[in-house]
Structure formats: structure tokens, C-alpha cells
Amino acid sequence: MSSPNGSVRPCSRRSAPRACCPTPIRSGRGCSDVGLLGDAAVTLRALLAGLDEDPAGIAAVDQHGDVAARWAIWRAEKRRRAIDDRGRGVSSAAVFAALSAHCPADATIAVDVGNHAYSFGRYFESAGQPVLMSGYLGSIGFGYPAALGAWAADPARPVVAVTGDGGFGQYLAELTTAVRYGIAVKHVLLDNGALGKISKEQQAGGYPVWQTSLVNPDFAGYAELCGATGIPVHRAEDLDEGMKALFAADGPALLHVHADAELV
Ligand SMILES: Cc1ncc(C[n+]2csc(CCOP(=O)(O)OP(=O)(O)O)c2C)c(N)n1
Ligand SMILES: [Mg+2]
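The shown structure was predicted, so the numbers you read here are calculated from the model rather than taken from an experiment. (Residues numbered from 1 in each chain as written. Chains lettered and ligands numbered in written order. Predicted model: local features only at pLDDT ≥ 70, side-chain atom pairs only at ≥ 80, totals over all residues.)

### Observations regarding the overall build of the protein
Part 1 of the reasoning: Along the backbone of the protein there are 10 helices and 10 strands.
Part 2 of the reasoning: Per-residue burial for the protein yields a buried fraction of 35% across its 264 residues. (Helix = DSSP H or I, 4+ residues; strand = E, 2+ residues; numbered from the N terminus. Buried ≥ 20, exposed ≤ 12 C-beta atoms within 10 Å, placed from the backbone.)

### Quick notes on the environment of Ala173
Part 1 of the reasoning: Along the chain, Ala173 falls in the loop between α6 (165–169) and α7 (174–181).
Part 2 of the reasoning: Owing to 8 C-beta atoms within 10 Å, Ala173 belongs among the exposed residues under this scheme.
Part 3 of the reasoning: Separated by 53 residues in sequence, Ala173 and Cys226 place their C-alpha atoms 8.8 Å apart.

### Details of the site of ligand 1
Part 1 of the reasoning: Residues in contact with ligand 1 amount to 19 residues; listed here are only the nearest, Gly114, Gly164, Gly166, Gly167 and Gly196.
Part 2 of the reasoning: Contributing elements (two or more residues each) for the shell around ligand 1: α4 (115–123), α6 and α8 (196–204).
Part 3 of the reasoning: Grouping the amino acids of the shell around ligand 1 by side-chain chemistry returns six nonpolar, 10 polar and three charged. (Near = placed C-beta within 6 Å. Nonpolar A, V, L, I, M, F, W, Y, C, P; charged D, E, K, R; others polar.)

### Some thoughts on the nonpolar core
Part 1 of the reasoning: Residues Ala94, Val95, Ala147, Leu254, Leu255 and Val257 are the most contacted members of the largest nonpolar core, which totals 57 residues.
Part 2 of the reasoning: Residue contributions to this core peak at seven residues, all from helix α3 (residues 92–102).
Part 3 of the reasoning: What Val257 contacts, discounting residues up to four positions off in sequence, is Val90, Val95, Val188, Leu189, Leu190, Asp191 and Val233. (Core = buried A, V, L, I, M, F, W, Y, C linked by C-beta atoms within 7 Å. Contact = placed C-beta atoms within 7 Å.)

What follows is the structure in C-alpha cells.
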């Protein structure tokens, strides 16, 4: 337990309840023997200082080597998936490899809800960019308006939106808002012609895919009609040039990636 001056007192189940938690602390699956209540920064600093001499012989095992080995395996798998091509559109692994290479390090990234969001989490290699997501991966349509909000919070900062076709379809008119106010959202739109996440859920439940296909406009053409920049990408090998054009464009720009719904 931490007092206002930052000292830390351990509290055990046997100590007076007011000096600690009245019941043993349950954290995760286990139950702690010694509960500490205090400001995390103060308490952990004091604990670390006490651990310097490692009195209980509990020095942590260095896991860097293990993590590096696992990371190498995963990166090899990502490279394999990025070149996967069934002739039905670009793989998500390729999209996010390209975004990882081109996304400015100081950008804020707003991500929508759907399979593209899972793929973003799986494949994007962050350079520390903050990511905005709908709480509990809740509401589709969040991504593009969230990017506009990120711009409003800090207009000097680059802002990227990652969405699917279904979610963005609900907020298409916001592109004219971006044009109206000169909001330079760089939008990566994965158009797989479907509410892809719902198709997968139906299949996972043993049902046939039902009513998830979408009739889409030419999103890149639509962006141009709105007064923004629209860049179509049909093949993985065009992603690099497409991303360059996206981030070089003045004002709002949309990279319309024709994506394979299965290669997520
Ligand atoms: C407002 C709202 N409606 C419906 C859903 C259920 N839902 C979750 S993901 C999704 C599909 C999104 O499709 P798309 O934007 O094309 O993304 P994809 O899964 O294809 O990558 C739907 C309908 C939701 N989460 N929120
Ligand atoms: Mg979709």
C-alpha cells in the first residue's frame, strides 16, 4: 500500500484490513499472497528498487531470444501470405505490408470494424502510430468519421483511415466533408464486395453464406467525383505505387484496393 509520500507497505491477508485489501486479491486466475494497493508508478518503482538485489532469487528469464525467434517465423509466414494470389483480388497481408512501409511514423490511424480490422492487427507493423478503434470492435462505419475527428483534434498530424467497403458504405458522404474542410485523410479501403466478417461468422456457425454480398460503386471514381483523389489498385504489385500516390496526394485521398475476401 502506498502512502502519499510514496512509501510502500506490503499487505498480507493477515494484516489489518484497513492497511490493505479486506479480502485476498484475485488477479486473473490466481490469488495473490501479498496484495499491494497504490499508485502503479510509485508502487512499481519501489518494488523494482527492492528487486535489484533479487533477495528471493526470482530474476526473470530473458525472453528476447525466444520472442525474436517467434517473430522471425511470423514474418516469414506474413511474406508467404502477402504473395498469395487466387486471381480474385489483393491479399490483406500484402495491403498491410505496403501500409507498414509507407505510413508516416507520426500518423494517427483510425480503423473500422470487420475482417480488415483483424487483418490490420495481424499484419500491420506499427512504428508507434496510435490506433483508434471502435470500443469492443463495436460499430461499423467508425473508421472514416474517427479519422475526421483525429484531424479536428490535431490538424497538423497526418491521419489514415483503414476501412472495409461495408462500413465505409454507411458514411460515403463524409468524403465531401473532408473535401469541404480540406481534411487530408489518407484512406485505405479494402473492397472485398462483402460484409466479410459476417460471411465468416455464418460459415463458422455451419450456415451457408447469406445476404452478405455488396453492390459497390467504383470507390476511386466516387472519390474523384467528390473532389478528392481516387487511386484504384487491382493487383498486389501495384500497391507500392498506389501507397506512394496516396501519401503524396494533396488533400483527401482514397486508395481503393480490390481485395480477396478469403485472403484475410
Ligand atoms: C452498426 C453495426 N452494424 C452491424 C455490425 C455487424 N458487423 C460487424 S463487421 C460487419 C461487416 C463489415 O463489413 P466491411 O466493412 O466490408 O468489412 P469486412 O469484414 O468485409 O472487412 C458487420 C455488418 C456492427 N458491428 N455494427
Ligand atoms: Mg467488406
